[in-house]
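# Summary of the model geometry
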Amino acid sequence: MEQPDRGEEPAGGTADAAEALDHPLPDGVRRRVVALVSDAFGGLTVAELPAPLRQYARFTPSRRAKFAGNAMAAALESDPLFRQRIAERLKESQPELAGAVESGAPPAAADPVDVAALAYVLRPAGWVKLVGAAGEEAQRADAERADEAGRREVERLRAELAEARALTRTENEQLRTELEAARKEAESLQRKLRSALSDVKRGEAALRRTQGEIDGIRAEAAAHVSAAESETRRLKARLGETEAALEASRRAAREGRSVEDMRLRLLLDTVLDAAQGLRRELALPPVSVHPADTVDAVEPGRMTPKDIAARALSETDPALLDQLLALPQAHLVVDGYNVTKTGYPTMPLEKQRLRLLGGLSALAARTGAEVTCVFDGAELAAPVLLAPPRGVRVLFSKPGVTADELIRQLVRAEPPGRPVVVVSTDREVADGVAKAGARPVASALLLKRLSRSS
């Protein structure tokens, strides 16, 4: 259908200029106008819509009425061309009612709100009167509905009031019955209370009599206890006398038997004194040299960790560690995480510990050396449930103490002269233990020795 150009004056423009509402649309009529415009909105193209309304073109009619109601009402009032296009859509959708409204004779059975909404959009001659009459009819209908609702509410409240009064009377009767029962129960309880008080008084009298009897029994028992203690002291005195007589008889028997022992002891002391006197007369020096010491031979020298270091091929030769652990009473102290993170850093900490401790256990079994493995306790989220392998002492540093400090404490605890070997790549640890007399070796050296064993 051909639409008028924006520059043309719509057919109803003169009538709109002549007629205008002198009061706002009633709420019901306004909502119906917005609903009609929202439904007819979908029949227009985007180009046919006013610019402010084009953003709502894809909305559903219900969402369009909700979010674009004010904008559509403003466009309908200010844009005659948009109003004319909406009017044409309404004539197509409701031709009979639209024709009756344009002719100025709407059906008497039609909804006044629908008539007013169509008259507001179509703007026929006398549309202001139609809108005003429909608004008054709608307000009158609303007032009648409100009156009817008010009457129903009053009737409902009266029924509720009557029901509440009946319920109150019933509850009052029930309360009177319960009050009478409570009074009778209180009287019964008072009688029982008086009987109970009488029983209590009789019980107190019986208790006083029982207490007197108990006091008499206690006095009699105390007398019996005193007599028993006296008898016990007399028996203890007789027992002491008997034990003294028995000891005297034993002493006499011992003195009689020891006469011959005394003679033999006197003879032995005489021989020993004579031998001591002969040693003093001869002035013999004490024996400090044994016969085997007179044989000319080369004695092996005592080797220290420093001597072993001088004889090693290189600092990375596993034979160096074997020579160090072959020293008598050698003690191997291992910086655990320093070794594991050098050899297999990608494994979880638990598997790192198990792999290292397994290798150290085999090394301790082969060399016989004392082995201590130290781990840093700061990296533990909870206490480690670990059974140390045979031959390996496993230690974790306490909170606030590093593994390096624990290693230095272990080295300082050893006596001077004992061979102590510390495995760590940490330069600070190596320098510290070297000053204390220990022999530091690199972690790579231990890893080579363990891989050779496996």
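Residues numbered from 1 in each chain as written. Predicted model: local features only at pLDDT ≥ 70, side-chain atom pairs only at ≥ 80, totals over all residues. Heavy atoms only, no water.

Relative to the helices and strands, Arg85 resides in helix H5 (residues 80-93). Considered as a pair, Arg85 and Val121 are 36 residues apart in the sequence and their alpha carbons are 9.9 Å apart. (Helix = DSSP H or I, 4+ residues; strand = E, 2+ residues; numbered from the N terminus.)

What follows covers the packing of helix H12 (residues 336-343) against helix H13 (residues 349-367). Between H12 and H13, whose axes approach to 10 Å, the crossing angle comes to 100 degrees. Here H13 runs roughly perpendicular to H12, going by the angle between their axes. Facing H12, whose interface residues are Gly336, Tyr337, Val339, Thr340 and Lys341, H13 presents Leu349, Gln352, Arg353 and Leu356. In terms of residue class, the contact of H12 with H13 is built from 4 nonpolar, 3 polar and 2 charged. (Axes fitted to C-alpha atoms, helices over the stretch in contact; angles between N-to-C directions. Parallel < 35°, antiparallel > 145°, perpendicular 65-115°, else oblique. Contact = heavy atoms within 4.5 Å. Nonpolar A, V, L, I, M, F, W, Y, C, P; charged D, E, K, R; others polar.)

In contact at an axis separation of 5 Å, helix H4 (residues 69-78) and H5 are set at 105 degrees when each is read in the N-to-C sense. The angle between H4 and H5 places the two elements in the roughly perpendicular class. Contacts between H4 and H5 involve Met72, Ala75, Leu76, Glu77 and Ser78 on the former and, on the latter, Pro80, Phe82, Arg83 and Ile86. Grouping the constituent residues of the contact of H4 with H5 by class yields 6 nonpolar, 1 polar and 2 charged.

Overall, parallel pairing links the 5 strands, which are arranged E3-E2-E1-E4-E5 in an open sheet. This sheet does not close on itself; its edge strands, each paired only once, are strand E3 (392-396) and strand E5 (439-441). Averaged over all pairs of adjacent strands, the angle between their axes in this sheet comes to 20 degrees, without regard to strand direction. Pairing of strand E4 (residues 420-423) with E5 involves 3 bridges; the strand directions are parallel. Note on E5: the bridge partner recorded for Val422 is Pro440. (Pairing = 2+ DSSP bridges.)

This next bit is on the confidence of the model for the protein chain. Summary statistics for the protein chain give a mean pLDDT of 78 and a share of 78% for residues scoring 70 or more. Note on residues 1-17: pLDDT is under 50 here. Beyond four places in sequence and across chains, it has 26 contacts. Overall, residues 290-303 carries pLDDT values under 50, and its contacts beyond four positions in sequence, including any with other chains, amount to 5 contacts. (pLDDT = per-residue confidence, 0-100.)

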